[in-house]
Amino acid sequence: MQQIDVRTIAPRQRHPLIFSTFDSLAVGESFELVNDHAPTPLYYQFLHERADQFDWAYLEEGPETWRVQITRTAGATSA
């Protein structure tokens, strides 16, 4: 499983990198996100922008490191 550690990436570049990585996954594939704070805003962005396409599982929940496994559960849907 690919790991993306965003702790050393500029904040404005993090979400675009995470979403492009997610969009490149095949259904059933996942990656591990490593962050230095709770990724709650990212979770809500996924709910809004990739509804019904992902599974979100915490592997570690702080206080210094958060690790989340993000899995593509479905392909993109057309509007």
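A brief structural summary. (Residues numbered from 1 in each chain as written. Predicted model: local features only at pLDDT ≥ 70, side-chain atom pairs only at ≥ 80, totals over all residues. Heavy atoms only, no water.)

Here we take up the sheet that holds strand S3 (residues 54-61). Read from one edge to the other, the open sheet built from four strands follows the order S1-S2-S4-S3, with strand pairing classed as mixed. The open sheet has two free edges, formed respectively by strand S1 (2-5) and S3, since each of these has just one partner strand. Put simply, the sheet's adjacent strands are angled 20° from each other on average, direction ignored. By the bridge criterion, six bridges tie strand S2 (residues 30-35) to strand S4 (residues 66-72) in an arrangement that is antiparallel. Considered in S4, the bridge of Asn35 is made with Trp66. Of the strands in this sheet, S1, S2, S3 and S4 touch helix H1 (residues 11-23), which is tilted by about 165° from S2. Against the sheet, helix H2 (residues 40-49) engages S2, S3 and S4, with an angle of about 170° to S3. (Pairing = 2+ DSSP bridges. Helix = DSSP H or I, 4+ residues; strand = E, 2+ residues; numbered from the N terminus. Axes fitted to C-alpha atoms, helices over the stretch in contact; angles between N-to-C directions. Contact = heavy atoms within 4.5 Å.)

The subject of this paragraph is the pattern of salt bridges. By the definition in use, this model includes seven salt bridges. Salt-bridge contacts for Asp5 lead to Arg7; the nearest nitrogen and oxygen are separated by 2.5 Å. Assessed through its relative accessible area of 29%, Asp5 is described here as partly exposed. Classification of Arg7 by relative accessible area gives partly exposed; the value is 36%. A salt bridge links Arg50 to Asp23; the nearest nitrogen and oxygen atoms lie 2.7 Å apart. Taken together, the residues span a long stretch of sequence, with Arg50 in the loop between H2 and S3 and Asp23 in helix H1 at a distance of 27 residues. Several salt bridges converge on common partners, so that one network encompasses Asp23, Glu49, Arg50 and Arg72. (Salt bridge = Lys/Arg side-chain N within 4 Å of Asp/Glu carboxyl O. Buried < 20%, exposed > 50% of the residue type's maximum accessible area, 1.4 Å probe, protein only.)

This paragraph deals with the packing of H1 against H2. The interhelical angle for the contact between H1 and H2, taken along N-to-C directions, is 50°, at an axis separation of 12 Å. The pairing of H1 with H2 is recorded here as oblique in orientation. Judged by the sense of rotation from one axis to the other, the crossing of H1 with H2 is right-handed. In this structure, H1 uses His15, Ile18, Phe19 and Phe22 to contact H2, whose residues at the interface are Leu42, Gln45, Phe46 and Glu49. (Parallel < 35°, antiparallel > 145°, perpendicular 65-115°, else oblique. Left-handed = near helix turned anticlockwise from the far one by under 90°.)

Honestly, that's just the spatial picture; any functional story needs more than this.
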